[in-house]
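Below, each chain spelled out in residue letters.
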Amino acid sequence: LPPVDLTARLADRTRRMNASAIREILKVTQQPDVISFAGGLPAPELFPIEDVRRATDAVLTKYGPAALQYSTTEGHLPLREWIAARAGITPANVQIVTGSQQGLDLLGKVLINEGDVVLVESPTYLGALQSFQPYGPRYVQLPTDDHGIDTDALEDVLKAHPAKLLYAIPNFQNPTGRTLSLERRRRLLELTAQYGVLVIEDDPYGKLRFRGEELPGLYDLALELVGGDPERSHVIYSSSFSKTLVPGLRDAWVQAARPIIGKLVQAKQGADLHTPTLNQMIVSELVHDVLPRQIEIVKRAYGERAQDMVGRLREYFPAGVSFTTPEGGMFLWVTLPEGIDTTPLLAQAVERKVAFVPGRPFFALGGGENTMRLSYSSATPQQIDTGIRALGETIREALG
Ligand SMILES: Cc1ncc(COP(=O)(O)O)c(CN[C@@H](CCCC(=O)O)C(=O)O)c1O
């Protein structure tokens, strides 16, 4: 039989698909002697392994075979009830998803028509761009500064472009580590409500504040504006147990009005039927006692590591380099002098046994060649010292 040209058989939309820079770099940084500031990996040494062991045993004892059987697409009801009670909504407004990454993909599938204008921060989480891309959005980048999205610029954009969606990470943003100010949260909600733009609030880091005052989320503020009725909220909230508990159980959730949840359920039926039953039940055991304790442990550790890294950046990085100083989360953002391209710089850094994520893939419409993302969450003080020193030398060399 003549060989079939398989690439010619791929669906047209696959031309819009690209690899995740983070996932690709993770393969490089698996080499044991490379200090990686690349992936947003939670600190493995802090994982509550014994608690997970006990919870797994308790679940198998309590539910028996049901813990290993197919289960509902909406998700394990006790877990949805716990999430709903905390958010002041009903379980019908909560959909469990297999990582918030799946939530982003399903939201793209049910909300984005080819050509819809999707407003994204500049820079934004590259994984969201990867999830939305196959559905053919027209991205419009929103300028950001140390207080998050520039809402004056947002108003100008909304006057110029009827937009379908605004995707935002208000707390400890990926990749910059920045936090959207309260004043701008209110202004963003006013403008998006006025112009009929749905907001996706992606908030996997919201509980990981280690400095400053906690701020109400967009979803919470929007709920207040509509008298607490989730059916009238134009904000869709996404969060995850990946950064507060463990990422490998792939448990996360979406909060939204029922018409959106209803379509998410149908999209998820077509994707994976349901999130693993056992994993949901384990998380449902852990949320009561283990989760609050784990959040405190993680916040303290990440606060120390962030402080460490900022100290080393000040010590080892050359003048002319600027960086953010986050109040929570796992990342900070470095801006090098114009003219340096951090994509080729990564290869030189890896030769010095240190890795980061070049900034370019975090910009939906290009730019950012002279930027990079650093994650401090899974690095020890010694690795931060050694790695930042090596990275500083790499940058000095590139500056000539
Ligand atoms: C804003 C934002 N939204 C969703 C996710 C996905 O988290 P989960 O699927 O809930 O684990 C993430 C996780 N991003 C990490 C983890 C990616 C891990 C990986 O690709 O290996 C990162 O940027 O490095 C995120 O930052």
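Heads up: the structure comes first, above all this text.
This is a predicted model, so every value here is computed, not measured. (Residues numbered from 1 in each chain as written. Predicted model: local features only at pLDDT ≥ 70, side-chain atom pairs only at ≥ 80, totals over all residues. Heavy atoms only, no water.)

A. Expanded view of the site of the ligand. Inspection of the region around the ligand gives 21 residues, with Arg23, Ser100, Tyr205, Ser242 and Arg250 positioned closest. One of the side-chain N or O atoms of Asn174 is found 2.7 Å from an oxygen atom in the ligand. Measuring from an oxygen atom of the ligand, one finds a side-chain N or O atom of Ser240 at 2.8 Å. Within the complex, 93% of the 590 Å² of free accessible area of the ligand lies under protein. When contributions to the shell around the ligand are tallied by element, the ones reaching two or more residues are α2 (21-28) and α5 (100-111). Here the shell around the ligand takes three residues from α2, the largest share from any one element. Of the residues contributing to the shell around the ligand, the split by class is eight nonpolar, eight polar and five charged. (Near = heavy atom within 4 Å. Polar contact = N/O pair within 3.5 Å; in protein donor to acceptor, adjacent residues only side chain to side chain. Areas by Shrake-Rupley, 256 points an atom, 1.4 Å probe, with all protein chains shown as cover. Helix = DSSP H or I, 4+ residues; strand = E, 2+ residues; numbered from the N terminus. Nonpolar A, V, L, I, M, F, W, Y, C, P; charged D, E, K, R; others polar.)

B. Local environment of the sheet that holds strand β4 (residues 138-145). With mixed pairing, eight strands are arranged side by side in an open sheet as β2-β9-β8-β7-β6-β3-β4-β5. The sheet is open, and its two edges are formed by β2 (94-97) and β5 (148-149), each paired on a single side. With three bridges connecting them, strand β3 (residues 117-122) and strand β6 (residues 165-168) associate as parallel partners. Bridging across to β6, Val120 finds its partner in Tyr167. The strands that helix α10 (residues 258-271) touches are β2, β7 (198-202), β8 (235-240) and β9 (252-255); relative to β2, the one it contacts most, it runs at about 25 degrees. (Pairing = 2+ DSSP bridges. Contact = heavy atoms within 4.5 Å. Axes fitted to C-alpha atoms, helices over the stretch in contact; angles between N-to-C directions.)

C. How the structure looks around unusual backbone geometry. With an omega of 0 degrees, the peptide bond between Ser122 and Pro123 qualifies as cis. Its location among the elements puts Pro123 in the loop between β3 and α6 (126-132). The peptide bond linking Asn174 to Pro175 adopts the cis configuration, its omega dihedral lying at 15 degrees. Following the sequence through the fold, Pro175 ends up in the loop between β6 and α8 (182-194). Located in the positive-phi region is Phe172, a residue other than glycine, with phi close to 50 degrees. If you trace the backbone, Phe172 turns up in the loop between β6 and α8. For Phe172, a relative accessible area of 1% puts it in the buried group. (Buried < 20%, exposed > 50% of the residue type's maximum accessible area, 1.4 Å probe, protein only.)

D. Representation of the packing of α5 against α10. Where α5 contacts α10, the two axes come as close as 9 Å, and the packing angle between them is 110 degrees. The pairing of α5 with α10 is recorded here as roughly perpendicular in orientation. Judged by the twist between their axes, the crossing of α5 over α10 is right-handed. Across from Gln102, Leu106, Leu107, Lys109 and Val110 in α5, the residues of α10 making contact are Ile260, Lys263, Leu264, Ala267, Lys268 and Ala271. A breakdown of the residues in the contact of α5 with α10 according to their chemical character gives seven nonpolar, one polar and three charged. (Parallel < 35°, antiparallel > 145°, perpendicular 65-115°, else oblique. Left-handed = near helix turned anticlockwise from the far one by under 90°.)

E. Looking closely at helix α3 (residues 49-63). For α3, with 15 residues, the first-to-last C-alpha span of 21 Å sits near the 21 Å given by 1.5 Å per residue. Burial in α3 covers these residues: Asp51, Val52, Ala55, Thr56 and Val59. One side of α3 holds all its buried residues, which, seen down the axis, span an arc of 135 degrees. Across α3 from its buried face, at more than 90 degrees, point the exposed residues Arg53, Arg54, Asp57 and Thr61. (Expected span 1.5 Å × (residues − 1). Arc of directions from axis to C-beta.)

F. Region of interest: the sheet that holds strand β10 (residues 322-323). Strand order in the open sheet formed by four strands is β10-β11-β14-β13, with antiparallel pairing between adjacent strands. Only two strands of the sheet have a single partner each, and these edge strands are β10 and β13 (357-358). In terms of strand pairing, β10 meets strand β11 (residues 331-335) through two bridges, oriented antiparallel. Within the sheet, the bridge partner assigned to Phe323 lies in β11 and is Val334.

G. Structural detail: the pairing of β11. With four of five residues buried, β11 lies mostly within the body of the structure. As paired elements, β11 and strand β14 (residues 371-375) share five bridges and run antiparallel to each other. Pairing of Phe331 across the sheet is with Ser375, part of β14.

H. View of the environment of Val357. Position of Val357 relative to the elements: it lies in strand β13. Residue class for Val357 comes out buried when judged on its relative accessible area of 0%. As a C-alpha pair, Val357 and Tyr219 span 138 residues in sequence and 30 Å in three-dimensional space.

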